[in-house]
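Examination of the molecular architecture
Chain residues, written in single-letter form:
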Amino acid sequence: MEIRLLNESDARSYQQVRLSALKNNPEAFGSTFEREAAYPLEFVASRLKSDEDQFVLGAFQDGGSLSGIVTFKREESPKLRHRGNVFAMYVAPEARGRSVGKRLMEELIRQAREADGVEQIHLAVVSDNSPAWKLYTSLGFEVYGTEPRALKVGGKYYDEDLMILRW
């Protein structure tokens, strides 16, 4: 398995994995399949441009297929620049149980720690998503709050635990 920064040339693979995530686990994301399926490939490619404030990591299996993704985005406000956020974490079902998510998050944390002035990273996870919850706590994330009814999917509400990792 290879973990690396994604770039514009990965747009098609990224879009396929992202759409799969939104279709398979709509309760885990703020966006929707319908919304993102309408994005042109050029827009998707623009989301993959990396700099010191944001990046997208991908996990590639030995055959070269993209099987996991995660996004880091630093806060823009001068008073919040010490904070980064984790978004869009997803591992394809066929790659689960192989430490793909752990390796993605370890690399995200490593790169976030190297960013000048970043002191902590935040994420939100659906409260009853036990595998994700266990992953994040194993990496040192702590719950600092819960947002009740954070997401509404198909008439059902989902709470989200708000988590933080400080260094």
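One can find the structure itself at the top, above this paragraph.
Residues numbered from 1 in each chain as written. Predicted model: local features only at pLDDT ≥ 70, side-chain atom pairs only at ≥ 80, totals over all residues. Heavy atoms only, no water.

1. So, the overall build of the protein chain
Helix and strand counts for the protein chain stand at five helices and seven strands. For the protein chain, the succession of helices and strands along the chain, N to C, is β-α-α-α-β-β-β-α-β-α-β-β. Each of the three principal axes of the protein chain carries a C-alpha extent, and together these read 40 × 35 × 30 Å. When burial is assessed residue by residue, the protein chain has 43% of its 167 residues classed as buried. A separation of at least 24 residues holds for 60% of the contacts in the protein chain among residues at least 6 apart in sequence. (Helix = DSSP H or I, 4+ residues; strand = E, 2+ residues; numbered from the N terminus. Buried < 20%, exposed > 50% of the residue type's maximum accessible area, 1.4 Å probe, protein only. Contact = heavy atoms within 4.5 Å.)

2. Observations concerning the pattern of salt bridges
Tallied over the full model, the rule gives eight salt bridges. Of the charged contacts, one joins Asp 10 and Arg 4 as a salt bridge, the two residues approaching to 2.9 Å between their closest N and O atoms. Among the residues examined, Arg 4 registers a relative accessible area of 26% and is labelled partly exposed. With a closest N to O distance of 2.5 Å, Glu 107 and Arg 110 form a salt bridge. Of this pair, Glu 107 and Arg 110 both sit in helix α4 (residues 100-114), three residues apart, which is roughly one turn of the helix. Within the structure, one salt-bridge network assembled from shared partners comprises Arg 18, Glu 36 and Arg 47. (Salt bridge = Lys/Arg side-chain N within 4 Å of Asp/Glu carboxyl O.)

3. Structural notes on unusual backbone geometry
One non-glycine residue with positive phi stands out, namely Ser 99, at about 65°. Along the polypeptide, Ser 99 turns up in the loop between β4 (83-91) and α4. Positive phi values are uncommon outside glycine, yet Arg 149 reaches one of about 50°. Checked against the element boundaries, Arg 149 lands in strand β6 (residues 142-153).

4. Re the environment of Ala 45
Among the structural elements, Ala 45 can be located in helix α3 (residues 41-47). On the basis of relative accessibility, which here comes to 14%, the residue Ala 45 falls in the buried class. When sequence neighbours within four positions are dropped, the list of residues in contact with Ala 45 reads Glu 8 and Ala 11.

5. Some words on α4
For α4, which comprises 15 residues, the first-to-last C-alpha distance of 22 Å matches the rise-based estimate of 21 Å (1.5 Å per residue) to within 8%. Buried within α4 we find Val 100, Gly 101, Leu 104, Met 105, Glu 107, Leu 108, Ile 109, Gln 111 and Ala 112. (Expected span 1.5 Å × (residues − 1).)

6. Here we look at the packing of aromatic side chains
Applying the stated criterion across every chain, the model contains four aromatic pairs. Relative to Tyr 90, the ring of Phe 29 has its centre 6.3 Å away and its plane inclined at 65°; by these criteria the two rings are edge-to-face. One end of the pair, Phe 29, is in the loop between α1 (11-24) and α2 (33-37); the other, Tyr 90, is in strand β4, with 61 residues separating them in the sequence. As far as burial versus exposure is concerned, Phe 29 and Tyr 90 are alike and both buried. The ring centre of Phe 33 lies 5.5 Å from the NZ or CZ of Lys 23, which sits over that ring. When the ring centre of Tyr 157 is taken as reference, the NZ or CZ atom of Arg 149 above it lies at 3.6 Å. (Phe/Tyr/Trp six-rings, centres within 6.5 Å; stacked < 30°, edge-to-face > 60°. Lys NZ or Arg CZ within 6 Å of the ring centre and 35° of its normal.)

7. With respect to the nonpolar core
Leu 104, Met 105, Ile 121, Tyr 136 and Phe 141 are the most contacted members of the largest nonpolar core, which totals 28 residues. Of all the secondary structure elements, the ones that give two or more residues to this core are β2 (54-60), β3 (66-74), β4, α4, β5 (120-126), α5 (130-138) and β7 (156-166). Top contributing element to this core by residue count: α4, with six residues. Those residues in contact with Phe 141 that sit more than four places away from it in its chain are Met 105, Ile 109, Ile 121, Leu 123, Tyr 136, Met 163, Ile 164 and Leu 165. Residues Leu 22, Val 56, Leu 66 and Ile 69 belong to the second largest nonpolar core, which totals 17 residues. (Core = buried A, V, L, I, M, F, W, Y, C linked by side-chain atoms within 4.5 Å.)

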